[in-house]
Amino acid sequence: MPKASEIKRNMAVEYDGKTYIVRDIERSVPQGRAGGSLYRMRMYDVVSGRKLDETFKDSDMINLADLIRRPVMYSYSDGDEYVFMDNEDYTPFTLNKSAIEDEILFINESTSGIQVVLVDDSPVAIELPTNVELEVVETDPSIKGASATSRNKPAKLSTGAVVQVPEHISTGDRIKVNVEERKFAGRA
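The residue numbers shown here count from 1 along each chain, following its written sequence. In view of the model being predicted, local features appear only for residues whose pLDDT reaches at least 70, and side-chain atom pairs are presented and counted only at 80 or more, with totals across whole chains, interfaces and linings using the full set of residues. Computation of side-chain values: all heavy atoms of the structure, hydrogens and water removed.

Under an unreviewed UniProt entry, the protein chain has the name Elongation factor P-like protein and belongs to Marinomonas ushuaiensis DSM 15871. UniProt positions are given in the numbering used here, feature names are shortened, and annotations may be inferred rather than shown by experiment. Turning to the protein chain, the UniProt annotation filed under Sequence similarities (unreviewed entry) states: "Belongs to the elongation factor P family."

Spelled out as structure tokens, the structure:
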């Protein structure tokens, strides 16, 4: 059983007899109080989709739910539904856009290392690799000799996401993006 401080986004936890997917975690350190950090978690019930905001102390023990992760590839989108294909037995898994809207910005047909999270054989979330490779489709022109400065500029990626990149990156470059921090992680 992990502590609340060890819980990450998209983990499945059991709370009050139900299974929830943790969508967002906010850490706060109260001033002037002895004790550790507080973790405010936004969780969604995997069955009903109901939202629950709950606060835990860093030392609170939380039960992990039984879930299965399967390697998948993004296949296509159909309206608000996104379809992923199992890499081994080609089973299609359909997820609603609202369930994966944070991850959609970093997925294209060539993204590998995606895993679908299954609870009771139904898909509830996807997990992305730490870094994904995407193409810069729009950014200001690169400045020759600008690599010595650490100034950044916004760059629009092929999936529609906008991240800050160093000035030497130009339109058409393939870059690595850290998905969790939503930051430039190097050239691909």
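Turning our eyes to something else, we now look at the overall build of the protein chain. Of regular secondary structure, the protein chain possesses one helix and 15 strands. With respect to the three principal axes, the spread of C-alpha positions in the protein chain is 60 × 55 × 25 Å. Across the 188 residues in the protein chain, those meeting the buried criterion constitute 36%. Counting only contacts in the protein chain whose residues sit at least 6 apart along the sequence, the fraction spanning at least 24 positions is 43%. Carbon and sulfur atoms form 44% of the exposed surface of the protein chain, whose accessible area is close to 10900 Å². Within the protein chain, one finds 24 positive and 32 negative side-chain charges whose respective centroids are separated by 7 Å. Secondary structure follows DSSP: runs of H or I at least 4 residues long count as helices, runs of E at least 2 residues long count as strands, and numbering of each begins at the N terminus. Throughout this description, buried means an accessible area under 20% of the type-specific maximum (1.4 Å probe, protein chains only), exposed means over 50%, and partly exposed covers the range between. Throughout, a contact is declared for two residues whenever any of their heavy atoms are within 4.5 Å. Working definition of accessibility: Shrake-Rupley area with a 1.4 Å probe, residue cover restricted to the visible protein chains. When charges are tallied, Lys and Arg are placed among the positive residues and Asp and Glu among the negative ones, while His and the ends of the chain are skipped. All charge positions are set by atom: Lys at NZ, Arg at CZ, Asp at CG, Glu at CD.

Turning our attention to the side chain of Asn178. Within the secondary structure, Asn178 sits in strand S14 (residues 174–178). A relative accessible area of 16% places Asn178 in the buried class. Pairs of N or O atoms are called polar contacts if they sit within 3.5 Å, as long as, within protein, a hydrogen donor faces a hydrogen acceptor (for residues adjacent in sequence, only side-chain-to-side-chain pairs). At 3.0 Å, the side chain of Asn178 forms a polar contact with the backbone nitrogen of Glu180. When residues no more than four places from it in sequence are discounted, the contact partners of Asn178 are Thr130, Asn131, Lys183 and Ala185.

Whenever Lys or Arg places a side-chain nitrogen within 4 Å of a carboxyl oxygen from Asp or Glu, that contact is recorded as a salt bridge. All chains considered together, the criterion is met by ten salt bridges. Close ionic contact of Arg70 with Asp89 constitutes a salt bridge, the shortest N to O distance being 4.0 Å. Of the two residues, Arg70 sits in strand S6 (residues 68–78) while Asp89 sits in the loop between strand S7 (81–86) and strand S8 (92–96), which places them 19 residues apart along the sequence. Relative accessible area serves as the criterion here: at 46%, Asp89 is assigned to the partly exposed category. When the shortest N-O distance is used, the salt bridge between Arg151 and Glu167 registers 3.4 Å. Residue Arg151 is located in the loop between strand S11 (131–139) and strand S12 (152–157), and its partner Glu167 is located in the loop between strand S13 (162–166) and S14; the two are separated by 16 residues in the primary sequence.

What follows concerns the UniProt feature "domain: Translation elongation factor P/YeiP central" (unreviewed entry) in the protein chain. Mapped onto the present numbering, the UniProt feature "domain: Translation elongation factor P/YeiP central" (unreviewed entry) falls on residues 69–124. Helix makes up 7% of residues 69–124 and strand 54%, and the two end C-alpha atoms of the span are 10 Å apart.

A grouping of Glu14, Asp66, Asp120 and Asp121 is seen on the molecular surface, where their side chains present a negatively charged patch. Along the chain, the position of Asp66 falls in the loop between strand S5 (63–64) and S6. Patch membership is restricted to residues that have no salt bridge and whose relative accessible area is over 30%. Joining uses 9 Å for like charges and 5 Å for the nonpolar side chains Val, Leu, Ile, Met, Phe, Trp and Tyr.

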